[in-house]
Amino acid sequence: MALPLLPADWSADKDFKRLNALSSASERTIEPVGPHFLAHARRARHKRTFSEDDRIQAQEKARKTEDVDDGEISEPEDPMDLQREAKDWKTQDHYKILGLSKYRWKASEDQIKKAHRKKVLKHHPDKKAAQGSTEDDQFFKCIQKATEVLLDPVKRRQYDSVDEEADVDPPTKKLTGKDFYKAWSKFFKAEARFSKEHPVPTFGDENASKEHVEDFYNFWYNFDSWRTFEYLDEDVPDDNENRDQKRHVERKNANARKKKKAEDNMRLRKLLDDASAGDERIKRFRQEANAAKNKKKADREAAEKKAIEDAKAKKEAEEKAKAEAEEKAKAERESSKKAKEAAKNAVKKNKRVLKGSVKDANYFAEGDASAAQVDAVLNDVDLVQGKIDPDEIAALANKLNGLKVSGEIKSVWSDEVKRLVEAGKLKEGDAKTLA
Amino acid sequence: MAENASNAGPEPGSRVTIGITFGNSNSSIAYTTDSKAEVIADEAGDRQIPTVLSYNDGDEYYGGQAKAFLVRQPKITIAYFRDFLGQDFKSIDPTHCHAAAHPEDTSGTVSFSVKDKEEESSTLSVSEVSTRFMRRLVSAASDYLGKKVTSAVITVPTSYTEKQREALIKAANDAGLEILQLIADPVAAILAYDARPEADISDKIVVVADLGGTRSDVTVVASRGGMYTILATAHDFDFAGVHLDNALMEHFAKEFMKKHNTDPRSNPKSLAKLRLEAEATKKALSLGSNAQFSVESLADGYDFSVSINRIRYEMVGRKVFDGFNRLVEGAVKKAGLDVLDVDEVVMCGGTSHTPRIANNLRGIFPETTTIQAPATSTTAINPSELQARGAALQASLIQEYEAADIEQSTHPAVTTVKHIANAIGVVTGENGDVFLPIMPAETAVPARRTVQIPTPAEGGDVLVRVVEGGTHIKVTKPEPKPAKEASDDKEDDEDDSDFDSDEEEEEEKREKIWKIGGELAEAAIRGVKKGGKVEVTINVAADLGVTVTAREVGAKGGVRGQI
Ligand SMILES: Nc1ncnc2c1ncn2[C@@H]1O[C@H](COP(=O)(O)OP(=O)(O)OP(=O)(O)O)[C@@H](O)[C@H]1O
């Protein structure tokens, strides 16, 4: 793998940038062995002479690599145990015999070996004999048996499977609140030792999230346990004895194990049922879930109702608007009809005024007007009338109204004719009688 | 070394030196010629000399001859006493002496009573017993070398206390032997390997599995440029050679009982015969795939001869073999390391001849780890001889020094040294995200390491980023294979569970991943020519000051800076 290219914006004085010092170091002892050490020693001694004090100081500084007996694995021995018979090894508490009762399944192999050695140093029968004691070797044999079981991973699991001392009793049903969580936590923590899978979810407390609680119950309802019950087997007779008897006991044992295993699974299931039945968190989550669900439902119904109402209101509004529009249209239609009629009537009336005016003006004749004159004038009135709209007729009628004097009437008419000629509606010379 | 400094030993020039391992079960003596170590055979031709003394009719026997007396004359035969030296009676484990002279409590100290003269018995302190045994070793070596051996380096367990060291030195001095130095068993074994001319003195993590007769000791050592630092140790008295003997004894006793209806373990003499032959059979099974167990008049006057093959033996001893695996793994863990961090496993002690043990370790460690044992490596040195050879080599290295000089050179003020906690290296890769270690963690300072690093194909200006690095282990679970639901025919379905378990056995993948840590410095190397390399030197001083030097290989100049 090659060095990276220098970033374009990199620069430093003399092309070297110092950043941090070494983060840490520890004092250790190098072994004074080999040619390379001799070279080191020559440099390190540098013609100095080191004293006893230097030795002590240096030794104190150096990181230790040998374990020191910190007395951690020593418990007072139970006088009852010291009286035990080795042949009863099946019923002995192997951890207690070795002084490891506070560790049990948690004891490391190293701890077991150290505990064993401690006991051997103390109880070896040859030592006791050398010291003039007549104590028999029964307890020593118990120690050896305990060690044999605990240093064999298979046998140890079999023993741990039935080590009731490591059990934590399930809480009583009465517990509530913080005590409930504490007690079940403790119970499941102990029970977790049987799990094939790790890490094992913890019970958690009242503040545990829904996810945590669900994980917990999921894991535990599908618990995969290594627990086995060989340790409780009935002794199988030796090879040499009756083969049938041997096979019989073996079959019995196999069945008993299976049964105990099934019972153990049921036990756990039942306890899980108990725990979950009393688990306020589950209730709370359910209520919360219900509340959420109800709210959703209510919301949905409200929304549906509103939608229906809205639709209804909209429809009504639309209908109303339509009706109103129709009403209005009708009214308008009617009023316009009246107006038209009124206008027609007005036109008629005005036309009567126009005609009346020329009649009043005696058809602009001196004396009796000839029929031709009357016709000519009335024709010209019709002509003018035909060229103007009702408003102009009305305006003209207005001007003519009340006029009695022929000259005056004539001048109104001639103005009108003049206007129409100017507007291009009449030609010069049209409506001659009125001009 | 303060203990023997006052003891006016021979002049350095006139020393004749050997290396000694003084075990509970066996001892060995070795010398060097032309800086090559050789193990010396005693008069009986043994290179592993049983650490046993026996007294018969006023005559003293040692080694193999004395061990043979365990059958007929156990009470006058002293064995398995090395660990008692420098110990109070209350702190000794007498288990292995049961079929020999029993240790006694002499006002709190350990002693043995044997009839060592024709008529009278003596009570011999364990120190005296050791002196007598040592005298025999020295005389065997002197006979072999043709000159009086004056001085020795002896190997001792790492757990040896100051009191035990003093007691051992006194016992040796009383035998007329000057002790130049006591060195740790596992370090002697490593030295025996590193002293070979073809040895590559690189930076490596070495696990020494010293599997003896009565105890097993595992040591994790950081080997850094030929200097050794012990990171962790584990001592075990429950899984060792005698426990394999015990397993075989039980096996053969049961076989015997099938035929003769009597338990050879119920009578001490039969038991002793059973043990001796079980051990011999065990050794034979290290070499051959079959061995014959045969004892004349094993019990009730019956002779007994059966054969056993290696596979059977490996079943019989399985619990002990598994125990070794866990012990070694536990020690690696105790050192804060992973099996992937281990470069080499050095197997020593007689029990390390056992092929099964070496093969098991071969399976535990990654393929890149060398397992130095006869069964797994053609270049392995005889595990029984490693420590004596290492001791002899060390003796030859220091024999020219005055005793006071040795004392000062091995003084804790000299051996207590700062070790860097994290690896130091540079960042490589196009994206600048790959850590290249230059100086590994647990290197004693002062120290200097140099590497040459390639540059991008076209050369140009490159960045040298000096950083600290750490590792973690990345575990990749195997992809769960899609369940083959649509099975072709029904019959297959029933066997499915069998296939499933096969799939589960598919192993997860574990890798060591370097992580870039704190930044120490940056330097630019400009105008590297096409295909050029950059040489980076890291120098850490005793006060942890770091000097970085970087230059293009073959070019002038370069960059140098201090942190
Ligand atoms: N070839 C072999 N194959 C298997 N085991 C062997 C072989 N040679 C020796 N041994 C066993 O090695 C053990 C002795 O180991 P070693 O010579 O290293 O003794 P030691 O260092 O004195 O041991 P300790 O101090 O632990 O008792 C004995 O149990 C012996 O049976």
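What counts and how
Residues numbered from 1 in each chain as written. Chains lettered and ligands numbered in written order. Predicted model: local features only at pLDDT ≥ 70, side-chain atom pairs only at ≥ 80, totals over all residues. Heavy atoms only, no water. Pairing = 2+ DSSP bridges. Helix = DSSP H or I, 4+ residues; strand = E, 2+ residues; numbered from the N terminus. Axes fitted to C-alpha atoms, helices over the stretch in contact; angles between N-to-C directions. Core = buried A, V, L, I, M, F, W, Y, C linked by side-chain atoms within 4.5 Å. Buried < 20%, exposed > 50% of the residue type's maximum accessible area, 1.4 Å probe, protein only. Contact = heavy atoms within 4.5 Å. UniProt positions renumbered as here; feature names shortened; annotations may be inferred. Domains from an automatic or database assignment. Buried area = accessible area lost by both parts, 1.4 Å probe. Expected span 1.5 Å × (residues − 1). Parallel < 35°, antiparallel > 145°, perpendicular 65-115°, else oblique. Left-handed = near helix turned anticlockwise from the far one by under 90°. Nonpolar A, V, L, I, M, F, W, Y, C, P; charged D, E, K, R; others polar. Near = heavy atom within 4 Å. Polar contact = N/O pair within 3.5 Å; in protein donor to acceptor, adjacent residues only side chain to side chain. Areas by Shrake-Rupley, 256 points an atom, 1.4 Å probe, with all protein chains shown as cover.

(A) Here's a closer look at the sheet that holds strand E7 (residues 77-79) of chain B. Residue and element names in this part refer to chain B. Spatially, E6-E5-E7 is the arrangement adopted by the three strands of the open sheet, whose pairing is antiparallel. Looking along the sheet, the strands with just one partner apiece sit at the ends: strand E6 (59-62) and E7. Shown here is a sheet whose adjacent strand axes are inclined to one another by a mean of 15 degrees, direction ignored. Sheet topology places strand E5 (residues 52-56) next to E6; four bridges connect them, and they run antiparallel. By the bridge assignment for E6, Tyr55 is matched with Glu60.

(B) Summary view of the nonpolar core. Residues and elements named next belong to chain B. Counting residues in hydrophobic clusters, the biggest one holds 67 residues, and the most contacted among them are Phe293, Met347 and Phe365. Among the elements that take part in this core, helix H9 (residues 318-334) stands out by supplying seven residues, more than any other. Leave out the neighbours within four places in its chain, and Met347 touches Ala209, Leu211, Ser352, Ile357, Ala358, Leu361, Ile371, Gln372, Ala373, Pro383 and Leu386.

(C) Expanded view of the sheet that holds strand E27 (residues 546-552) of chain B. Residues and elements named next belong to chain B. With respect to topology, four strands assemble into an open sheet ordered E23-E26-E27-E28, the strand pairing being antiparallel. Of all the strands in the sheet, just strand E23 (447-454) and strand E28 (559-562) have a single pairing partner and so form its edges. Sheet twist, expressed as the mean angle between neighbouring strand axes with direction ignored, is 10 degrees. Inspection of the sheet shows strand E26 (residues 533-540) paired to E27 by seven bridges, in the antiparallel sense. Counterpart to Ile538 in the pairing with E27 is Val548.

(D) The arrangement of the UniProt feature "domain: J" (unreviewed entry) in chain A in detail. Sequence positions flagged by UniProt for "domain: J" (unreviewed entry) are, in local numbering, residues 93-163 of chain A. Span residues 93-163 of chain A is 66% helix and 0% strand, its end C-alpha atoms 8 Å apart.

(E) Local environment of the domain arrangement of chain A. As assigned here, chain A comprises domain 1 (74-165), domain 2 (167-278) and domain 3 (343-422). The distance between the C-alpha centroids of domain 1 of chain A and domain 3 of chain A comes to 147 Å.

(F) Representation of the domain arrangement of chain B in the model. Residue and element names in this part refer to chain B. For chain B, the domain assignment lists domain 1 (200-237 + 330-381) and domain 2 (423-562). Listed per partner, the contact involves nine residues of domain 1 and 10 residues of domain 2. Interface area, domain 1 with domain 2, both sides summed: about 800 Å², of which 51% is carbon and sulfur. Considering only the surface of domain 1 that becomes buried against domain 2, Asp203, Arg224 and Leu340 emerge as the three largest contributors, covering 54% of it.

(G) Focus on helix H3 (residues 126-145) of chain B. For H3(B), which comprises 20 residues, the first-to-last C-alpha distance of 28 Å matches the rise-based estimate of 28 Å (1.5 Å per residue) to within 8%. Looking at the residues trailing H3(B), positive phi occurs at B:Gly146, about 75 degrees.

(H) Quick peek at the pairing of E5(B). Residue and element names in this part refer to chain B. Taking burial as the measure, the five residues of E5 include five buried ones, the bulk of the element. Residues Val52, Ser54 and Asn56 point to one face of E5 and Leu53 and Tyr55 to the other, with burial holding for every one of them. Bridge count for E5 against E7 is three bridges, and the pairing is antiparallel. By the bridge assignment, Leu53 is partnered in E7 with Ile78.

(I) Up close: the packing of helix H12 (residues 280-360) of chain A against helix H13 (residues 371-387) of chain A. Residue and element names in this part refer to chain A. Axis separation between H12 and H13 bottoms out at 10 Å; the angle between their running directions is 150 degrees. Here H13 runs roughly antiparallel to H12, going by the angle between their axes. Both H12 and H13 take part in a crossing whose hand is right-handed. Two secondary-structure elements touch here, H12 through Lys351, Leu354, Lys355 and Val358 and H13 through Val377, Leu378, Val381, Asp382 and Gln385. Across the contact of H12 with H13, the residue classes break down as five nonpolar, one polar and three charged.

(J) Seen up close, the site of the ligand. Residue and element names in this part refer to chain B. Near the ligand there are 18 residues, and of these Ser25, Thr214, Glu279, Lys282 and Ser286 occur at the shortest range. Here an oxygen atom of the ligand sits 2.9 Å away from a polar atom, N or O, in the main chain of Gly213. Coverage of the ligand by the protein chains reaches 89% of its 650 Å² of free accessible surface. Ranked by residues supplied to the shell around the ligand, first place goes to helix H7 (residues 268-287) with four residues. Grouping the amino acids of the shell around the ligand by side-chain chemistry returns no nonpolar, 14 polar and four charged.

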